[in-house]
Amino acid sequence: EAFRELLFVNAVIVVEWPGTVHELWAATKELEAAAGRERGVRNGPRTLDVDILYAGAEVIDEPRLTVPHPRWRERRFVVEPLAELRPELMVPGSPLRVREVLAALPPGGVRVIPESW
């Protein structure tokens, strides 16, 4: 069987939300469900995964919701697009700006999808 590269599309968006972070979290779960996401193995493959990376200066540490996202600094596929939008941002709990977090991560693993894709 020939090896087939798995492609994952990752994106970061910045939104203004008039409600609470908990309401935003509920809305993300509704989006995932509408897209057909089925919850299976934790951290397993999924068709859509919407995370809240940060919410201003808010810090939440609850069993179902942690904001800022606890592993955002470890994932180049998160940090690189976030740095394109908010390079000077200091996410609560991080002593570094997003661009500095990106500079400290090992290179590779992220490719920009051409507009013609």
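None of these values were measured; they are calculated from a predicted model.

### Considering the overall build of the protein chain
Turning to step 1, where the next piece is worked out: Check the secondary structure of the protein chain and you find three helices and two strands.
Turning to step 2, where the next piece is worked out: Taken from the N to the C terminus, the helices and strands of the protein chain come in the order α-β-β-α-α.
Turning to step 3, where the next piece is worked out: The proportion of buried residues among the 117 residues of the protein chain is 25%.
Turning to step 4, where the next piece is worked out: A separation of at least 24 residues holds for 46% of the contacts in the protein chain among residues at least 6 apart in sequence.
Turning to step 5, where the next piece is worked out: As presented, the protein chain carries roughly 9100 Å² of accessible surface, and 55% of it is formed by carbon and sulfur atoms.

### Some words on a nonpolar patch on the surface
Turning to step 1, where the next piece is worked out: There is a patch of nonpolar side chains on the surface, built from Ile13, Val15 and Trp17 and spanning about 330 Å² of accessible area.
Turning to step 2, where the next piece is worked out: Tracing the backbone shows Ile13 in the segment before α1 (21-34).
Turning to step 3, where the next piece is worked out: For Ile13, a relative accessible area of 69% puts it in the exposed group.

### Looking at unusual backbone geometry
Turning to step 1, where the next piece is worked out: Omega for the peptide link from Val67 to Pro68 comes to 0°, which places this bond in the cis form.
Turning to step 2, where the next piece is worked out: Relative to the elements of secondary structure, Pro68 occurs in the loop between β2 (66-67) and α2 (76-85).

### Brief notes about α1
Turning to step 1, where the next piece is worked out: Here α1 is 14 residues long and its end C-alpha atoms lie 20 Å apart, about the 20 Å a rise of 1.5 Å per residue gives.
Turning to step 2, where the next piece is worked out: The complete set of buried residues in α1 reads Val21, Leu24, Thr28 and Glu32. Relative to the axis of α1, the buried residues are bounded by an arc of 85° and lie together on one face. In α1, the exposed residues that point more than 90 degrees away from the buried face are Glu30, Ala33 and Ala34.

### A closer look at the pattern of salt bridges
Turning to step 1, where the next piece is worked out: Counted by the stated rule, this structure contains four salt bridges.
Turning to step 2, where the next piece is worked out: Put simply, Glu88 and Arg97 hold a salt bridge, and the shortest N to O gap is 3.5 Å.
Turning to step 3, where the next piece is worked out: Of the residues examined, Arg97 reaches a relative accessible area of 29% and is grouped as partly exposed.

### Structural notes on the nonpolar core
Across soluble globular proteins, you tend to see nonpolar side chains buried next to one another.
Turning to step 1, where the next piece is worked out: Membership of the largest hydrophobic core comes to 13 residues, with the highest contact counts inside it found for Leu53, Trp72, Val79, Leu82, Val91 and Val98.
Turning to step 2, where the next piece is worked out: Those elements giving two or more residues to this core turn out to be α2 and α3 (98-104).
Turning to step 3, where the next piece is worked out: The element that contributes the greatest number of residues to this core is α2, accounting for four residues.

### Looking at α2
Turning to step 1, where the next piece is worked out: The buried fraction of α2 amounts to seven of the 10 residues, a majority that puts the element mostly inside the structure.
Turning to step 2, where the next piece is worked out: Buried within α2 we find Arg76, Val78, Val79, Glu80, Pro81, Leu82 and Ala83.
Turning to step 3, where the next piece is worked out: In this structure, the buried residues of α2 make contact with α3.

Cut-offs and rules
- Residues numbered from 1 in each chain as written.
- Predicted model: local features only at pLDDT ≥ 70, side-chain atom pairs only at ≥ 80, totals over all residues.
- Heavy atoms only, no water.
- Helix = DSSP H or I, 4+ residues; strand = E, 2+ residues; numbered from the N terminus.
- Buried < 20%, exposed > 50% of the residue type's maximum accessible area, 1.4 Å probe, protein only.
- Contact = heavy atoms within 4.5 Å.
- Areas by Shrake-Rupley, 256 points an atom, 1.4 Å probe, with all protein chains shown as cover.
- Patch = residues over 30% accessible without salt bridge, like charges linked within 9 Å, V, L, I, M, F, W, Y side chains within 5 Å.
- Salt bridge = Lys/Arg side-chain N within 4 Å of Asp/Glu carboxyl O.
- Expected span 1.5 Å × (residues − 1).
- Arc of directions from axis to C-beta.
- Core = buried A, V, L, I, M, F, W, Y, C linked by side-chain atoms within 4.5 Å.

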